[in-house]
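The chain contents come next:
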Amino acid sequence: MISTVFTSRKSKAIAIWCGVLLLVLCFHFYVSYQRVELPGIGRSLYGDNYRDPPPYNQAGDAKTIKRPTGPKQTTPPAGPKQLYTPPKNEEKKQRFPKALIVGTGKCGTRALIDYLNMHPYVTIAKREMHFFDRDENWSRGYNWYKSQMPRSYSNQMTIEKSPSYVEHPRTPSAVRRMSKDTYILWVVKDPVVRLMSVMALQDENSNLRHAYLEYSRDGKLQIRKEYYPLWRGEYVIHLRRWLRYFPLAQIHVLDGTDLVKDPVTQIQQVESFLQLPPLLGPRNFYFNASKGFYCMVPFSTTTPQCLGSSKGRKHPVINDTVKTMLYDFFRPYNEQFFKLLGKRFNWEPKERV
Ligand SMILES: Nc1ncnc2c1ncn2[C@@H]1O[C@H](COP(=O)(O)OS(=O)(=O)O)[C@@H](OP(=O)(O)O)[C@H]1O
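Nothing here was measured: the structure is a model prediction, and the numbers come from that model. (Residues numbered from 1 in each chain as written. Predicted model: local features only at pLDDT ≥ 70, side-chain atom pairs only at ≥ 80, totals over all residues. Heavy atoms only, no water.)

A. Inspection of the overall build of the protein chain at higher detail. Within the protein chain, the regular secondary structure consists of twelve helices and eleven strands. Every one of the 353 residues in the protein chain was classed for burial, and the buried ones make up 46%. Across the protein chain, the fraction of contacts at a sequence separation of at least 24, relative to all contacts at a separation of at least 6, is 73%. Accessible surface, the protein chain: about 19600 Å² in total, of which carbon and sulfur atoms supply 54%. (Helix = DSSP H or I, 4+ residues; strand = E, 2+ residues; numbered from the N terminus. Buried < 20%, exposed > 50% of the residue type's maximum accessible area, 1.4 Å probe, protein only. Contact = heavy atoms within 4.5 Å. Areas by Shrake-Rupley, 256 points an atom, 1.4 Å probe, with all protein chains shown as cover.)

And the structure:
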């Protein structure tokens, strides 16, 4: 019967066209499915909740910036260039940072600035400037500091990070002199975990690995209170100093462990604090299982970019007695810190520190 239907040449041509049409339709549905549904890195570059960014608000009224809502976009939006629009008739120039990542070292400061660097409205200083905390740089003056900054448009935000700003006594007043509107970003971590991150830098067999311990006169093992890395983890001391110059609302404190585990939530909170258009999302992060950390996926690529091998080191293992001593040592500082901050972090003894 089929052979009788396709006997004429016209019928054969129609059958071929129908076949081709069916193939095209199948291909189209397959591609759309890939863009919208597939999790992870293989999906479309712009397949998430992307909406056109709201205008960037220089004056900084957070209420005018709305998060994207509504159904998922099914067609890919415009390319990365359209995520950012420079102001008309304006030349790029060097500007003071509008936001500073002030510390604390080993808590995830590099991850934070590199994540923020994916934001089209952000430009970052290419290195740690140590302007406020190192005398040789400080003596060069504010204009020198500005001359080290990248060129940017007025609707972009320059950000610099130096991980010891937070503890240096000069920094809060000197930053205020630069601009009282500077946004302060501060990454902290469970101070015991942070200490182990510092200790990981020491050679495994070196005595320095235990430099935070000492023996008392009567031969008891105790915490060496004046050890500098311990003092850096006494966050409340540093926060008190900053609060003499900046209101708490201008200081965003985040837990570096949360940044490792859930960078999307953390970076979106930072975006909101900085009053940047809400652009960063799951599309910008890829979990690298072998590293155990998220890597970045900037808008311009689908290739994940991970932090260097100096980040994410193996921490030394400490026995339970020493662990308890350390947690007991930090607990009062932590409690005062949480009280002053008005929020708590989960900094209780854990398996791996
Ligand atoms: N995505 C990603 N990849 C790798 N590492 C990450 C990431 N996010 C946060 N971290 C954590 O960053 C810790 C290093 O902190 P800092 O960048 O502040 O260190 S430094 O003071 O600038 O040297 C580093 O500490 P260690 O694990 O002790 O090496 C990491 O835990």
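This is not the end of the story, as more comes after the structure.
B. Structural view of the pattern of salt bridges. In the structure shown here, the tally under the stated rule is ten salt bridges. The salt bridge partner of aspartate 114 is arginine 110, with a shortest N-O separation of 3.0 Å. Pair noted here: aspartate 114 and arginine 110 are both in helix α3 (residues 109–116), with a separation of four residues, about one helical turn. Here arginine 110 falls in the partly exposed class, since its relative accessible area comes to 23%. Connected through shared salt-bridge partners, Asp328, Arg331 and Glu348 make up one network. (Salt bridge = Lys/Arg side-chain N within 4 Å of Asp/Glu carboxyl O.)

C. Focus on the site of the ligand. Neighbouring the ligand are 21 residues; Thr109, Tyr115, Ser197, Gly312 and His315 lie closest to it. Here lysine 311 contributes a side-chain N or O atom positioned 2.9 Å from an oxygen atom of the ligand. Between the ligand and the protein, one listed contact pairs an oxygen atom with a side-chain N or O atom of histidine 315 at 2.6 Å. Here the ligand, which alone exposes 650 Å², has 93% of that area covered by the protein. Those elements that place two or more of their residues in the shell around the ligand are α3 and β11 (293–296). Residue composition of the shell around the ligand, grouped by class: seven nonpolar, seven polar and seven charged. (Near = heavy atom within 4 Å. Polar contact = N/O pair within 3.5 Å; in protein donor to acceptor, adjacent residues only side chain to side chain. Nonpolar A, V, L, I, M, F, W, Y, C, P; charged D, E, K, R; others polar.)

D. Expanded view of α3. A large share of α3 lies buried, amounting to seven of its eight residues. Those residues of α3 that fall on the buried side of the exposure criterion are Thr109, Ala111, Leu112, Ile113, Asp114, Tyr115 and Leu116.

E. A look at the state of the cysteines. Enumeration over the complete set of coordinates arrives at one disulfide. What pairs with cysteine 295 in a disulfide is cysteine 306, and their sulfur atoms sit 2.0 Å apart. With the S-S bond torsion at 95°, the cross-link from cysteine 295 to cysteine 306 turns out right-handed. Of this pair, cysteine 295 sits in strand β11 while cysteine 306 sits in the loop between β11 and α12 (320–341), placing them eleven residues apart in sequence. (Disulfide = S-S within 2.5 Å.)

F. Up close: helix α9 (residues 235–242). Among the eight residues in α9, six count as buried, and that is most of the element. Regarding α9, the residues found buried are Tyr235, Val236, His238, Leu239, Arg241 and Trp242.

G. View of the packing of aromatic side chains. Tallying each qualifying case throughout the model produces 29 aromatic pairs. Aromatic side chains phenylalanine 131 and tyrosine 145 sit 4.5 Å apart centroid to centroid with 10° between the ring planes, which places their arrangement in the stacked category. Within this pair, whereas phenylalanine 131 is found in the loop between β3 (122–124) and α4 (135–138), its partner tyrosine 145 is found in helix α5 (residues 142–147), the two being separated by 14 residues in sequence. Each member of the pair, phenylalanine 131 as well as tyrosine 145, carries the same accessibility label: buried. Here the aromatic rings of phenylalanine 337 and phenylalanine 338 are separated by 6.3 Å at their centres, their planes lie at 45°, and the arrangement is tilted. Phenylalanine 337 sits in the buried class, given a relative accessible area of 0%. An aromatic cluster is built from Phe96, Phe131, Phe132, Trp138, Tyr142, Trp144, Tyr145 and Tyr165, whose rings are joined through pairwise contacts. (Phe/Tyr/Trp six-rings, centres within 6.5 Å; stacked < 30°, edge-to-face > 60°.)

H. Looking closely at the nonpolar core. Among the nonpolar cores identified, the biggest contains 64 residues, and Leu274 and Phe337 are the most heavily contacted of them. For this core, the element with the highest residue contribution is strand β6 (residues 183–188), accounting for six residues. For phenylalanine 337, the residues in contact, after removing those within four places along its chain, are Trp186, Val188, Tyr235, Val236, Leu239, Val253, Phe345 and Trp347. Of all hydrophobic cores here, the second largest spans 20 residues; its members include Val198, Leu213, Tyr227 and Phe330. (Core = buried A, V, L, I, M, F, W, Y, C linked by side-chain atoms within 4.5 Å.)

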